[in-house]
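Architecture at a glance
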Amino acid sequence: GIQNVVVVVNKMDTCEYAESRFTKIVNTLIPYLKHLGFKRKNVEFVPVSGLEGVNLMTVDAQKCPWYRGKSLIDILDTVAIPEPEEALQNTNDVV
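What counts and how
- Residues numbered from 1 in each chain as written.
- Predicted model: local features only at pLDDT ≥ 70, side-chain atom pairs only at ≥ 80, totals over all residues.
- Heavy atoms only, no water.
- Helix = DSSP H or I, 4+ residues; strand = E, 2+ residues; numbered from the N terminus.
- Contact = heavy atoms within 4.5 Å.
- Areas by Shrake-Rupley, 256 points an atom, 1.4 Å probe, with all protein chains shown as cover.
- Buried < 20%, exposed > 50% of the residue type's maximum accessible area, 1.4 Å probe, protein only.
- Pairing = 2+ DSSP bridges.
- Right-handed = clockwise from strand over helix to strand, strands pointing away.
- Phe/Tyr/Trp six-rings, centres within 6.5 Å; stacked < 30°, edge-to-face > 60°.

Looking now at the overall build of the chain. Each helix and strand in the chain was counted, giving 3 helices and 2 strands. The order of α-helices and β-strands along the chain, N terminus first, is β-α-β-α-α. Sequence-distant contacts in the chain: of pairs separated by 6 or more residues, those separated by 24 or more amount to 51%. Just so you have it, the chain exposes about 7200 Å², and 53% of that area is on carbon and sulfur atoms.

Shown next, in the form of structure tokens:
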């Protein structure tokens, strides 16, 4: 099953990149994700603005000086992709 989750908190430009808004979203989602069986250490949250491109390719320390994580692309680059045989091991054949 799925082991790691990246939660992309988009539209941060609409709240002027407020750390309090990001923290509220994180604190709201963590209990739900734990309920689904995800471990907190396997969940990453990234504040972004798709419109302005903030934190997508590089971390923008001017707009999000409080964010100490990686950019979205850097996180996605580190995702381990299982071998096809392993990924298909628990699926049924589709006709």
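Counting buried positions over the 5 residues of strand S2 (residues 43-47) gives 4, a clear majority of the element. Bridging between strand S1 (residues 5-9) and S2 involves 5 bridges; their strand directions are parallel. Note that in S2 the partner of Val8 across the bridge is Val46. For the crossover that starts at S1, traverses helix H1 (residues 19-35) and ends in the parallel S2, the hand is right-handed.

Moving on, we get to the environment of Val43. Topologically, Val43 is positioned in strand S2. Each C-alpha atom, one on Val43 and one on Val6, is 5.8 Å from the other, the two residues being 37 residues apart in sequence. Ignoring any residue separated from it by four or fewer positions in sequence, one finds Val43 in contact with Val5, Val7, Leu33 and Phe38.

Although it is not a glycine, Lys11 sits at a positive phi angle of roughly 65 degrees. Among the secondary structure elements, Lys11 is positioned in the loop between S1 and H1. Located in the positive-phi region is Asn55, a residue other than glycine, with phi close to 65 degrees. Here Asn55 lies in the loop between S2 and helix H2 (72-77). In this structure Asn55 comes out as buried when scored by relative accessible area, which is 0%.

This paragraph deals with the packing of aromatic side chains. This model, assessed by the stated rule, comprises 2 aromatic pairs. Between Phe22 and Trp66, the ring centres sit 5.3 Å apart and the planes meet at 40 degrees, which makes this aromatic pair tilted. A residue pair is termed long-range when its members are at least 10 positions apart, and Phe22 in helix H1 and Trp66 in the loop between S2 and H2 qualify at 44 residues. When the centroid spacing of 6.4 Å and the interplanar angle of 75 degrees are considered together, the rings of Trp66 and Tyr67 count as edge-to-face.

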